[in-house]
Amino acid sequence: MTRRDSVVALSGGIGGVKLALGLQGACAPGRLTVVVNTGDDFEHLGLAISPDVDTTLYTLCGLANAQLGWGRDGETWSFMTELERLGGEAWFRLGDKDLAVHVERTRRLAAGEPLSEVVADFGRRFGLATRVLPMTDDRVRTTVETVEGTLSFQRYFVARRCEPCVTAIRYEGAERARPTPAALRALGEPDLAAVVICPSNPYLSIDPILAIPGWRSALQSSRVPVVAVSPLIGGEAVKGPTAKIMRELRLEVSPLTVARHYAGIIGGFVLDEVDAELAARLDVPVRVAPTLMRTLADKERLAREVLAFAGTLRGAR
Ligand code: FO1
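Residues numbered from 1 in each chain as written. Predicted model: local features only at pLDDT ≥ 70, side-chain atom pairs only at ≥ 80, totals over all residues. Heavy atoms only, no water.

### So, the pairing of strand 10 (residues 226–229)
No. 1: Here strand 10 shows two buried faces, one formed by V226 and A228 and the other by V227 and V229.
No. 2: As paired elements, strand 9 (residues 192–197) and strand 10 share three bridges and run parallel to each other. Across the sheet, the residue bridging to V196 is V227, located in strand 10.
No. 3: One ladder, built from three bridges, connects strand 10 with strand 13 (residues 268–272); its direction is parallel. (Buried < 20%, exposed > 50% of the residue type's maximum accessible area, 1.4 Å probe, protein only. Helix = DSSP H or I, 4+ residues; strand = E, 2+ residues; numbered from the N terminus. Pairing = 2+ DSSP bridges.)

Right under this line is the structure:
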């Protein structure tokens, strides 16, 4: 019998990658594939920036800036300081080490290399056994409609600090985009045990993936359980604008809304202990667990719980 020990995780940046790091610790080396949102990607100062992909790479390699959650550890900011002095755009901060990644990615993309191959090579060079794959090699751009007008994702998120009231979110290019071939292969591997939707913002980080028709259908027809972890604890997101955006979109700020949002895709949902009484109101199997991840031990404990839960669902799929 095939030993099922490989895992595919879907994630955005800072929030979701915490569980991805836990999964990396819970899986045998090389058995985890993390599929990352690229709706946040943009061109800035002539460079191709992939924030969630880089946050994932840096975090899983142990190279992330723990204070910021994005960018590199031990970063220096000479480039940014000089750029500001020259009157350049300084609202999006690129550290010196991080800059090297953007410059080299831009060169390789311009030479015709797909983003997934660039990221795979960066991962190898950083010594990473986990596979990090952008959701697509095609161009998808998350665009936020607000009461103040249309904003590109990073203008909304970083320049405007998520302040403008959101009326709609679009994923431009998603309909024509195709999943990264390597990611689809990972979903088809005979030793796949589970697909985990990390506790990322459902509307900004996971929906860009699900808006790609090939991703939605691949997940709907997955042979193994797809399990999502609630990004909300007691009606609030641990970090980031999930609850604010839900209120603005006139959605009930509840893990129930998130679980129902993933209906047709998930076979199980993980709720925080604080929200345990909601379990009876869901029509998918639920596991109640501590979902707040402060330490590496918390992350690995939750990852093991999620994988054990998926194991109990396997026969049902
Ligand atoms: N987030 C910020 O809040 N301010 C920044 O100046 C900033 C720069 C930045 C540079 C490279 C990178 O990979 C990420 C960066 N981020 C920054 C984080 C990032 O843009 C967002 O957290 C994500 O896109 C949302 O997941």
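Let us keep going from here.
### Side note on the sheet that holds strand 8 (residues 166–172)
No. 1: The antiparallel open sheet is built from three strands, whose spatial order is 7-6-8. The sheet is open, and its two borders are formed by strand 7 (149–152) and strand 8, each paired with just one other strand. On average, each strand axis in the sheet is inclined to that of its neighbour by 25°, with strand direction left out of account.
No. 2: Bridge count between strand 6 (residues 141–146) and strand 7: four bridges; the pairing is antiparallel. Within strand 7, the residue paired with E145 across the bridge is T150. (Axes fitted to C-alpha atoms, helices over the stretch in contact; angles between N-to-C directions.)

### Points about the pattern of salt bridges
No. 1: By the definition in use, this model includes 23 salt bridges.
No. 2: In this structure, the salt-bridge partner of R125 is D121, at a minimum N-O distance of 2.7 Å. With R125 and D121 both in helix 5 (residues 115–125) and four residues apart, this pair spans about one turn of that helix.
No. 3: A relative accessible area of 64% places R125 in the exposed class.
No. 4: The exposure class of D121 is buried, given its relative accessible area of 13%.
No. 5: Residue E305 is joined to R287 by a salt bridge in which the shortest nitrogen-to-oxygen separation is 3.0 Å. (Salt bridge = Lys/Arg side-chain N within 4 Å of Asp/Glu carboxyl O.)

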